[in-house]
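Examining the three-dimensional arrangement
Okay, here's what each chain looks like letter by letter:
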Amino acid sequence: MVVSRRERKKIAARAQILSAAIDLFSRHGLDAVTIDEIATAADVGKGTIYNYFATKEDIVVAFMADLEARIAPKIARFRPGERPVHRVLADYILLHFRLKEPYHAFVRVFLAQMFMDTARFLPYMVEMQKYIDPPLHSLFASLEERGKLRTGIDLPQLIMSFKTMHLGLTALWAVEGPPFQQTTEVVRQQMQFFTQGIMRKAQ
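Residues numbered from 1 in each chain as written. Predicted model: local features only at pLDDT ≥ 70, side-chain atom pairs only at ≥ 80, totals over all residues. Heavy atoms only, no water.

**A word on the layout of surface pockets**
What counts here: As defined here, a cavity is a set of points on a 1 Å grid over the protein atoms alone where a 1.4 Å probe fits but cannot get out. A pocket is an open set with protein on both sides within 12 Å along at least five of seven lines, and residues line them when an atom is within 4 Å of a point. Grid points are joined across faces, edges and corners, and a volume is the space filled by probe spheres set on the points. Numbering of helices and strands runs from the N terminus, with a helix taken as a DSSP run of H or I at least four residues long and a strand as a DSSP run of E at least two residues long. All residues other than Ala, Val, Leu, Ile, Met, Phe, Trp, Tyr, Cys, Pro, Asp, Glu, Lys and Arg, Gly among them, are scored as polar; the first ten of these are nonpolar and the last four charged.
Of the pockets and cavities examined, the largest pocket occupies roughly 440 Å³. Lining the largest pocket are 21 residues, and of these Met125, Ile132, Lys163, Leu167 and Thr170 sit closest to its centre. Going through the elements one at a time, helix H4 (56-76), helix H5 (85-100), helix H6 (104-116), helix H7 (118-145) and helix H8 (155-176) are the ones with two or more residues in the lining of the largest pocket. At 7 residues, H8 tops the list of elements feeding residues into the lining of the largest pocket. Residues that form the lining of the largest pocket fall into these classes: 13 nonpolar, 5 polar and 3 charged.

Okay, here's the thing in structure tokens:
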């Protein structure tokens, strides 16, 4: 597919706005940054920003959605192998953290805003699930097909429980910062506790 010069310019302008905004948000927080400051940093007019994003929250979610989309192919290549289930799930979470580490400061800002104003961010979180859910469903379906999980488990409910735990561990990762030694240890411990109730007795 050939992309026109006009479309390339639009894509470049959007990326420029996102890059400038995320840098400012990472350093100063969402509420302290104005659209005017983003326009200045991105070297575009204020109106140009509104051509792409209606609010600062839209910028945040666009970046997070782009980030999830960029890492999705790498996450999709994750394979359980023959490792114990607790190691598979721990490695899955830690892979997410490694891929997002360059944006650690921004993820911290994003989570702080989300926890402080959940109602405002909930629709955006729902939108992001379209990138998060497919590889996760594939992972648990693979574990189930290979007989790694006990029979009778409600898979959608199990995945929701895992996502809830993943969110909490992401908050710990965001608060701790590099080199994430405590987070790594806690992830491994929590996955051991989590899998005790879902593995087949033979394991």
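**Observations regarding a positive patch on the surface**
Stated formally: Patch membership needs two things, relative accessible area over 30% and no salt bridge, and members are linked within 9 Å if like-charged or within 5 Å if nonpolar (Val, Leu, Ile, Met, Phe, Trp, Tyr). Under the convention used here, a 1.4 Å probe and the Shrake-Rupley method define accessible areas, while residue burial counts only the protein chains that appear. The rule for a salt bridge is simple: a side-chain nitrogen of Lys or Arg has to be within 4 Å of a carboxyl oxygen of Asp or Glu. Positive charges come from Lys and Arg alone, negative charges from Asp and Glu alone, with His and the N- and C-terminal ends not counted. In this description, the location of a charge corresponds to atom NZ of lysine, CZ of arginine, CG of aspartate or CD of glutamate. When accessible area is computed with a 1.4 Å probe and restricted to protein chains, residues below 20% of their type maximum are described as buried, those above 50% as exposed, and intermediate ones as partly exposed.
Residues Arg5, Arg6, Arg8 and Lys9 make up a contiguous surface patch of positive charge. Structurally, the position occupied by Arg6 is in helix H1 (residues 5-28). Residue Arg6 is classed as exposed on the basis of its relative accessible area of 64%.

**Some words on the packing of aromatic side chains**
In plain terms, the rule: Only Phe, Tyr and Trp rings take part, Trp by its six-membered ring, and two of them pair if their centres are within 6.5 Å. Stacked means planes under 30 degrees apart, edge-to-face means over 60, and tilted covers everything else.
Here the structure, examined in full by the defined rule, presents 9 aromatic pairs. Between Tyr92 and Phe162 the ring centres are 6.2 Å apart and the planes differ by 55°, which places this aromatic pair in the tilted class. In this pair, Tyr92 is assigned in helix H5 and Phe162 in helix H8, connecting sequence segments 70 residues apart. Comparing Tyr92 with Phe162, the two get one shared label, buried. Between Trp173 and Phe180, the ring centres sit 5.3 Å apart and the planes meet at 20°, which makes this aromatic pair stacked. For the pair shown, Trp173 and Phe180 are each scored as buried. Of the aromatic side chains, those joined through ring pairs into one cluster are Phe78, Tyr92, Phe140, Phe162 and Phe194.

**What about unusual backbone geometry?**
Here the amide bond leading from Pro178 into Pro179 is cis, since omega sits at 5°, within 30 degrees of zero. Positive phi, close to 60°, is recorded for Asp43, a residue that is not glycine. On the secondary structure map, Asp43 appears in the loop between helix H2 (35-42) and helix H3 (46-52).

**Some remarks on the pattern of salt bridges**
This model, assessed by the stated rule, comprises 8 salt bridges. The partner of Arg14 in a salt bridge is Asp66, and the shortest N-O contact between them spans 2.9 Å. Placement of Arg14 in helix H1 and of Asp66 in helix H4 is noted, with a sequence separation of 52 residues between them. Taking the relative accessible area as the measure of exposure, Arg14 reaches 28% and is therefore partly exposed. We classify Asp66 as partly exposed; its relative accessible area is 23%. Between Glu68 and Lys100 there is a salt bridge, and its shortest N-O distance comes to 2.6 Å.

**Overview of the nonpolar core**
Here is the rule we go by: Working definition of a nonpolar core: buried Ala, Val, Leu, Ile, Met, Phe, Trp, Tyr and Cys residues. They are joined through side-chain atoms within 4.5 Å. For this analysis, residues touch if any pair of their heavy atoms sits within 4.5 Å.
Counting residues in each nonpolar core, the largest one holds 64 residues, and the members touching the most others are Phe25, Ile38, Leu89, Phe110, Phe140, Phe162 and Met191. Mapped onto this core, the elements with two or more residues apiece are H1, H2, H4, H5, H6, H7, H8 and helix H9 (181-195). Top element by residues in this core is H5. It accounts for 10 residues. Setting aside residues no more than four positions away along its own chain, Met191 makes contact with His86, Leu89, Ala90, Ile93, Phe162, Met165 and Leu169.

**With respect to empty space enclosed by the protein**
Per the counting criterion, the structure on display carries 1 cavity of 30 Å³ or more. A volume near 40 Å³ is recorded for the largest cavity. Lining of the largest cavity is provided by Glu68, Ile71, Ala72, Ile75, Tyr92, His96, Tyr131, Ile132 and Pro135. When residues of the lining of the largest cavity are traced back to their parent elements, those giving at least two are H4, H5 and H7. Looking at the lining of the largest cavity, its residues break down into 7 nonpolar, 1 polar and 1 charged.

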